[in-house]
Amino acid sequence: MATDASKIIDSLQKRSGCFKEGLIPGIAVLMTAWSLVFGDSGIIEIEPGEVAVVYNTTNLGIFGEEHTVVQQQGTITYMPWFQRVEVLDVEPRVLRMEGSKNVDEDHGRRLTVRASDGSNFWFNKLEIHYQAIPAHADFIINVHGRGTAYRYHAVQVQSRGILRDEFGRYSFLEAANPASYSKGTSDAKNKLNDRLRETGIEVTQIITPKPSFAGRVEKAIKDRQTADQEVLVFAKQRDRLSKQRDRLKQGVRETKSAQYQALMAKLAADLQKAKNKLVSI
């Protein structure tokens, strides 16, 4: 009897296990059908320049990995309620900093910098070319949020702070030098990439125009540039006069050397005549 009872219990347990194994897929099928009827088709189209991240919202292995990045364009399917899809735009973008206020994620107010000497200067139109790294789409969403959030939270905020720090190392006279703000641009790009690549974004180019200054500063820069040009002109004149002096001195040396050689030759000839006369006498 005990043996029969054990067999009955084992049979019930097996049936219960089979029921549980079939329960989850069955519920999934029913809920998917419900979603299809009431609006969520479970089908999404990935356009060129987009990537998708498919999330498993159930933590159950039957519905796939915790999240999967899909980089191929085309149609993908998922199971509504059990999976969620986030689409991310990864086309190259340009952030423009110009004007007096922020417009949107791709248009921020102009960049104003406090120079090391306390004066201010700004760039009327500065461009930052960047792109989200497709393979890191899941990390971008995790760090910065859905959709276009990364454009503001990562690129616009981070780049403004780094550009201010890099250009703020120079005085207004140094900033007016094209070599200085070119170096500042290169340093800012490297530092910005060091920070943004960790979050899945890469800066490809930063275009900075000639910086602008307040009126009195512009006048001081022009006066300084005029003085520098005058110094260069005087230096060139001094160099020219120095070379002319050297040429004149060289000419005098050559003339006197020739006269000296001629005189020595005449004296030698006179001496020989005198000796010959002496022998004759």
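In case you missed it, the structure is sitting above this.
Now for a quick tour of the structure. (Residues numbered from 1 in each chain as written. Predicted model: local features only at pLDDT ≥ 70, side-chain atom pairs only at ≥ 80, totals over all residues. Heavy atoms only, no water.)

Let's talk about helix α5 (residues 178-196)
In an α-helix there are 3.6 residues to a turn, and that puts residues three or four apart on one side.
Consideration 1: Here α5 spans 27 Å end to end across 19 residues, near enough to the 27 Å set by a 1.5 Å rise per residue.
Consideration 2: On its buried side, α5 packs onto α3 (149-167), α4 (172-175) and β11 (201-207). (Helix = DSSP H or I, 4+ residues; strand = E, 2+ residues; numbered from the N terminus. Expected span 1.5 Å × (residues − 1). Contact = heavy atoms within 4.5 Å.)

Quick look at helix α2 (residues 137-144)
Consideration 1: Those residues of α2 that sit buried are Ala 137, Asp 138, Ile 140, Ile 141 and His 144. Along the axis of α2, the buried positions cluster into a sector of 165°, meaning they face one direction only.
Consideration 2: Positive backbone phi, at 110°, marks Gly 145, one or two positions downstream of α2. (Buried < 20%, exposed > 50% of the residue type's maximum accessible area, 1.4 Å probe, protein only. Arc of directions from axis to C-beta.)

Notes on the pattern of salt bridges
Consideration 1: Inspection of the entire model under this criterion finds 15 salt bridges.
Consideration 2: The closest approach of N and O atoms between Arg 151 and Asp 89, which form a salt bridge, is 3.3 Å. With Arg 151 in helix α3 and Asp 89 in strand β5 (residues 83-89), this residue pair connects regions lying 62 residues apart in the sequence.
Consideration 3: Salt-bridge contacts for Asp 246 lead to Arg 245; the nearest nitrogen and oxygen are separated by 3.6 Å.
Consideration 4: Judged by its relative accessible area of 38%, Asp 246 falls in the partly exposed class.
Consideration 5: Arg 245 gets classed as partly exposed once you look at its relative accessible area, which sits at 48%.
Consideration 6: Three or more residues are tied together by salt bridges with common partners; here these are Asp 89, Arg 93, Asp 106 and Arg 151. (Salt bridge = Lys/Arg side-chain N within 4 Å of Asp/Glu carboxyl O.)

A closer look at the side chain of Gln 156
Consideration 1: Mapping Gln 156 onto the fold places it in helix α3.
Consideration 2: Residue class for Gln 156 comes out buried when judged on its relative accessible area of 3%.
Consideration 3: Among the polar contacts made by the side chain of Gln 156, one reaches the main-chain carbonyl oxygen of Asp 104 at a distance of 3.4 Å. (Polar contact = N/O pair within 3.5 Å; in protein donor to acceptor, adjacent residues only side chain to side chain.)

A word on the packing of aromatic side chains
Consideration 1: Going through the model one piece at a time under the given rule, you end up with two aromatic pairs.
Consideration 2: Measuring from ring centre to ring centre gives 5.0 Å for Phe 123 and Phe 167, while their planes differ by 50°; the resulting arrangement is tilted. Here Phe 167 lies in helix α3 and Phe 123 lies in strand β9 (residues 120-123), a separation of 44 residues in the sequence. The pair formed by Phe 123 and Phe 167 is uniform in burial state, with each residue classed as buried.
Consideration 3: Aromatic rings pair up to connect Phe 121, Phe 123 and Phe 167 into one cluster.
Consideration 4: The ring of Tyr 55 carries the charged tip of Arg 84 above its face, separated from the ring centre by 4.4 Å. (Phe/Tyr/Trp six-rings, centres within 6.5 Å; stacked < 30°, edge-to-face > 60°. Lys NZ or Arg CZ within 6 Å of the ring centre and 35° of its normal.)

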